[in-house]
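Observations on chain architecture
Chain by chain, the residues run as shown.
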Amino acid sequence: MNIGELSRRTGASARSIRHYEKSGLLVSRRRSNGYRHFEPEAVPRIRHIVRMIGLGFSLEEIATFSPCMFTAEAKGLCPEALAAHREKLADIERQISELESRRARLVETLSQKAPSWGPRSKP
C-alpha cells in the first residue's frame, strides 16, 4: 500500500510515517516510480508505535525494543516489554514527585507575605 493508504488506515500522518521510517522503525520498498510501498504488517506496527509514544516512550527508546514487543499475536507483555513498561512507570513517578516538590515550594513562596515595593524601592 502507498503512504496515503497507510495514513488513512492508521490515522498517522504521512509526515509521521516518513519520520518513523527515517528513525528505522518502519520499512518500505520503493516502486519503480519512486513511491514508497508498505506491506500490510505496517498497519499494526504504526498503531503500536503511536500507542507507545502515547505512553511516553521516545522513538529512540522504541527503536531499542525487542521484536517481541511488536508481535500482534502476543497475549500480554513479553518479559522485555514488561521491564520497559515498569522502567517507564518508575521514570514518570520520579517526574511526578519532582513536580510535586516544585509545586510545594512555589505554594510556600507565594503564601509568604510579599514585601510592598515602592516606586523608588529596589528588590
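Residues numbered from 1 in each chain as written. Predicted model: local features only at pLDDT ≥ 70, side-chain atom pairs only at ≥ 80, totals over all residues. Heavy atoms only, no water.

The name given to the protein in an unreviewed UniProt entry is DNA-binding transcriptional regulator, MerR family, with the source organism recorded as Stigmatella erecta.

**Considerations on the nonpolar core**
We apply this condition: Definition of nonpolar core: a set of buried residues of the types Ala, Val, Leu, Ile, Met, Phe, Trp, Tyr and Cys, connected through side-chain atoms within 4.5 Å. A 1.4 Å probe rolled over the protein chains alone gives each residue an accessible area, and that area as a share of the maximum for its type sets the label: buried under 20%, exposed over 50%, partly exposed in between. Numbering of helices and strands runs from the N terminus, with a helix taken as a DSSP run of H or I at least four residues long and a strand as a DSSP run of E at least two residues long.
If you look at the biggest cluster of nonpolar residues, it comprises 23 residues, and the most contacted ones within it are Leu 6, Ile 17, Leu 26, Phe 38, Ile 62 and Phe 65. Going through the elements one at a time, helix H1 (3–10), helix H2 (14–22), helix H3 (42–54), helix H4 (59–63) and helix H5 (79–111) are the ones with two or more residues in this core. Sort the elements by how many residues they give to this core and H3 lands first, with five residues.

**Comments concerning the packing of aromatic side chains**
Put simply, the rule is: In this scheme Phe, Tyr and Trp rings, the latter by its six-membered ring, pair at centre separations within 6.5 Å, and the angle between planes marks the pair as stacked below 30 degrees, edge-to-face above 60, and tilted otherwise. By the criterion adopted, a ring carries a charge over it if an Arg CZ or a Lys NZ lies within 6 Å of its centre and within 35 degrees of its normal.
Taken as a whole and judged by the stated rule, the model has one aromatic pair. Pairing Phe 57 with Phe 65 gives two aromatic rings, centres 5.2 Å apart and planes at 85°, and the pair type is edge-to-face. As far as burial versus exposure is concerned, Phe 57 and Phe 65 are alike and both buried. Above the ring of Phe 57, the side-chain terminus of Lys 88 is found at 5.3 Å from the ring centroid.

**A look at the UniProt feature "coiled-coil region" (unreviewed entry) in the protein**
The criterion, for reference: UniProt positions are given in the numbering used here, feature names are shortened, and annotations may be inferred rather than shown by experiment.
In the numbering used here, UniProt assigns the feature "coiled-coil region" (unreviewed entry) to residues 82–109. Structurally, residues 82–109 comprises 100% helix and 0% strand, and the distance from its first C-alpha atom to its last is 41 Å.

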